[in-house]
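So you can see what is in the structure, the chains are spelled out below.
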Amino acid sequence: MRALLIEDEGELAALVASAAHGIGLAVDAVESLEDARAALAAVEYDLVVLDLGLPDGDGVSLLRDLRAGGNPVPVLVLTARDGRDDRVAGLDAGADDYVLKPFHMAELLARLKALLRRPRGPLAMRLEVGNVFFDTVHRRVEVAGRPIVLARRELALLELLMRRAGRVLTREAIEEHLYGFEEEVGPNATEVNVHRVRKKLAAAGANAEIHTLRGVGYLMEGPGS
Amino acid sequence: MSRRTPSLVARLAWRLAAIFLLAIAAAAGGVAWKGVRAIDSLRDQALQAQARDVERHLAVGVDGALRLDLPPALEVAYASSGGAYLYAVLDAEGRVVQASSPEAADLLADHLPGGPDPAFFRIEPAGAAGPVYGYVTRARGARIAVAQGRLHDDVLADSLVEEFLEVGLWWTVPVAVIALWVGTMTLRTSLAPLTRLSAQAGAIGPGTADVRLPEAGLPREVQPLVAAVNRALDRLKQAYEHQRRFTADAAHELRTPLAVLTARIDALDGPPVEGLRRDVDRMNRLVGQMLRVARLDAAPLDVTRPVDLRQVAVEAISAVAPLAVRERRELVLAGEPGPVWIDGDAPALAVALVNLLENALVHTSPGTGVRVELEWDGTLRVIDEGPGIPPDEREGVFRRFGRGRGTRGPGAGLGLAIVMETARAHGGTVEVGDRPGGGAVFTLRLGPARQVPTC
């Protein structure tokens, strides 16, 4: 997969590019909006990492142009500015995520992976958290190499949790995804589902865990992440 | 409006009303005074005419005796006046020759002024209702005295004033009322734009620094004030802009080298790297918090937007959740299950709550839980199961660089200060107390809650 890194701080760009290479991303690094526009016109990227403060303008304008042109490429905004307005402007303009400098590389890589996991068209996708694998095309789950059987709704729940691995998924978001509008959602329906998935994963020897944040939602994490 | 700053309209109304009352009173007084003077001169003329009437019918007989032959009509008039009209004719020796009645004879004979010249006089007979006015003159060797009693000039003046008021009030009262109404309405309509301006000015905050007060449609007297206010707003906005730009630049300049440093350390391996990583984390936190404090100082928060505190709590908990679950900590959001709306700045509130959560996670043992409770009135509680904070250190923890809980942990000593300043910017408070059974309770009161969001 190929990513475009737009970052005017050369040293940082080199460090990010080398780390991204480690997770299987080929990175093209550019230092200005002009170069970025040229690169985007020439190559179809799977991911864009965009610094907002660039020597020849504001990254938000590039983002806005991308979205106005119908380009759905996932964009992670990387910036030293944490002005509240900046964040809103960035996300409103169509950024998919936002990482504030300074950051730990592990955090950035996790966010990049999460963005790549997002469903975009008919892409064959293989989700991975710890020793849990999810084949989104064939709807199959493997734990430590052995397949396990999950009900339809349990599969949907696990897919959601794995796509958002390392981050909190609110109960409202789960209910929204798992149940249709006309469906009556019992107060414990999600809880019961999570409980079942958790039990099946544990029984199969999974080293990834689904944590409960009571009153908020759930968070799935692999070991040592 | 308070008593010390009375309304213009009320002041104008009172003063106009006072002027009208004074004018009416002065006019009535003038009429009364003139009336009394007119009555006086009228009475004098009447007395003289009365005396002439008597004189005309006075004759000296061949025997030299005085004879008065009043026509019957006059006799009847005197007799039927009930003592209101009197006369007496006295001879040279002062003896009463003839009088309208014996009482008149006695009264006039006793009280006539001496001297040969015609004169007016006034008698206050005992037991009478009022004074008797008289006139004495000399004719054919006799003295003729005439008088009018009973008619009370004060009463006359009163009736004149009464009549004036009756007639005068017909037009003065409506004129006064109309003038008052026109005056107050003029003021009110002229000042109505000011009420609108006040509402507009009240809505100007850090987030709406571009709004200016409209000068069109205002009374000329008020325009300079509004223009001056607008110029002041321009200067304030410039100052805000300047500060904001400075803190943004400072943030960028500080964070970029830190980002490079952090990335470089992350790329290293080996045991010494852990220490470096902790150091750079601490530096990153400190810089982040100092920049936040600087921004709070530079530009006040815009706390006018509707904020769902439950959403803020969910965001804050989500932000610290990865750290918490890694340490096997339980994070719980309890209390109101639905939204709790207040007016505020959502990102700033989320940062404040994250600070409280991080504070709780850092200062308590792994394995213990941290609980956030949300109440319907806009109160958030962060409850931990740690050692708590001794009462004498409680105030200190909210001071900048005031590290009430010892030097343990990565805190820069600014997190709780940011919480307090955020609370204060929302007109709220933060305080720390004990959890029954051990632990600290940080209470962030941000109410009052609002019923419905406006957008």
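Quantities reported herein were computed from a predicted structural model and do not represent experimental measurements.

**A closer look at the confidence of the model for chain B**
Alright, step 1. When pLDDT is averaged along chain B, the result is 83, and 93% of the positions lie at 70 or above.
Alright, step 2. Interface confidence for the predicted complex, given as ipTM, is 0.78, next to a pTM of 0.63.

**Some thoughts on the pattern of salt bridges**
One side chain can pair with another of opposite charge once the charged atoms of both are near each other.
Residues and elements named next belong to chain A.
Alright, step 1. Considering all chains together, one arrives at 33 salt bridges over all chains under this definition.
Alright, step 2. The partner of arginine 37 in a salt bridge is aspartate 65, and the shortest N-O contact between them spans 2.7 Å. One end of the pair, arginine 37, is in helix α2 (residues 33-42); the other, aspartate 65, is in helix α3 (residues 59-68), with 28 residues separating them in the sequence.
Alright, step 3. Judged by its relative accessible area of 34%, arginine 37 falls in the partly exposed class.
Alright, step 4. What makes aspartate 65 partly exposed here is its relative accessible area of 43%.
Alright, step 5. With its nearest N and O atoms 3.5 Å apart, the salt bridge here joins lysine 101 to aspartate 51. Note that lysine 101 is positioned in the loop between β7 (97-100) and α5 (105-117) and aspartate 51 in strand β3 (residues 47-51), a separation of 50 residues in sequence. Each member of the pair, lysine 101 as well as aspartate 51, carries the same accessibility label: buried.

**Notes on the sheet that holds strand β7 (residues 142-148) of chain B**
Residues and elements named next belong to chain B.
Alright, step 1. Strand order in the open sheet formed by five strands is β4-β3-β7-β6-β5, and the pairing between neighbours is antiparallel. Where the open sheet ends on each side, the last strands, each with one partner, are β4 (96-99) and β5 (119-123). Strand-to-strand twist of the sheet, defined as the mean angle between neighbouring strand axes without regard to direction, takes the value 20°.

**Overview of a negative patch on the surface**
Residues and elements named next belong to chain A.
Alright, step 1. Side chains of Glu31, Glu34, Asp35 and Asp56 sit close together on the surface and give a patch of like negative charge.
Alright, step 2. By secondary structure assignment, the location of glutamate 34 is in helix α2.
Alright, step 3. With a relative accessible area of 59%, glutamate 34 lands in the exposed category.

**What about the pairing of strand β6 (residues 75-79) of chain A?**
Residue and element names in this part refer to chain A.
Alright, step 1. In terms of residue burial, β6 counts as a mostly covered element, since five of its five residues are buried.
Alright, step 2. The side-chain alternation of β6 yields two buried faces, one formed by Val75, Val77 and Thr79 and the other by Leu76 and Leu78.
Alright, step 3. Where β3 lies against β6, four bridges are found, and the strand directions are parallel. If you follow valine 48 over to β6, its bridge partner there is valine 75.
Alright, step 4. Sheet topology note: the β6/β7 ladder contains four bridges and is parallel. When the bridges of β7 are listed, leucine 76 appears paired with aspartate 97.

Definitions and cut-offs
Residues numbered from 1 in each chain as written. Chains lettered and ligands numbered in written order. Predicted model: local features only at pLDDT ≥ 70, side-chain atom pairs only at ≥ 80, totals over all residues. Heavy atoms only, no water. pLDDT = per-residue confidence, 0-100. Salt bridge = Lys/Arg side-chain N within 4 Å of Asp/Glu carboxyl O. Helix = DSSP H or I, 4+ residues; strand = E, 2+ residues; numbered from the N terminus. Buried < 20%, exposed > 50% of the residue type's maximum accessible area, 1.4 Å probe, protein only. Pairing = 2+ DSSP bridges. Axes fitted to C-alpha atoms, helices over the stretch in contact; angles between N-to-C directions. Patch = residues over 30% accessible without salt bridge, like charges linked within 9 Å, V, L, I, M, F, W, Y side chains within 5 Å. Areas by Shrake-Rupley, 256 points an atom, 1.4 Å probe, with all protein chains shown as cover. Lys, Arg positive; Asp, Glu negative; His and termini not counted. Charge placed at Lys NZ, Arg CZ, Asp CG, Glu CD.

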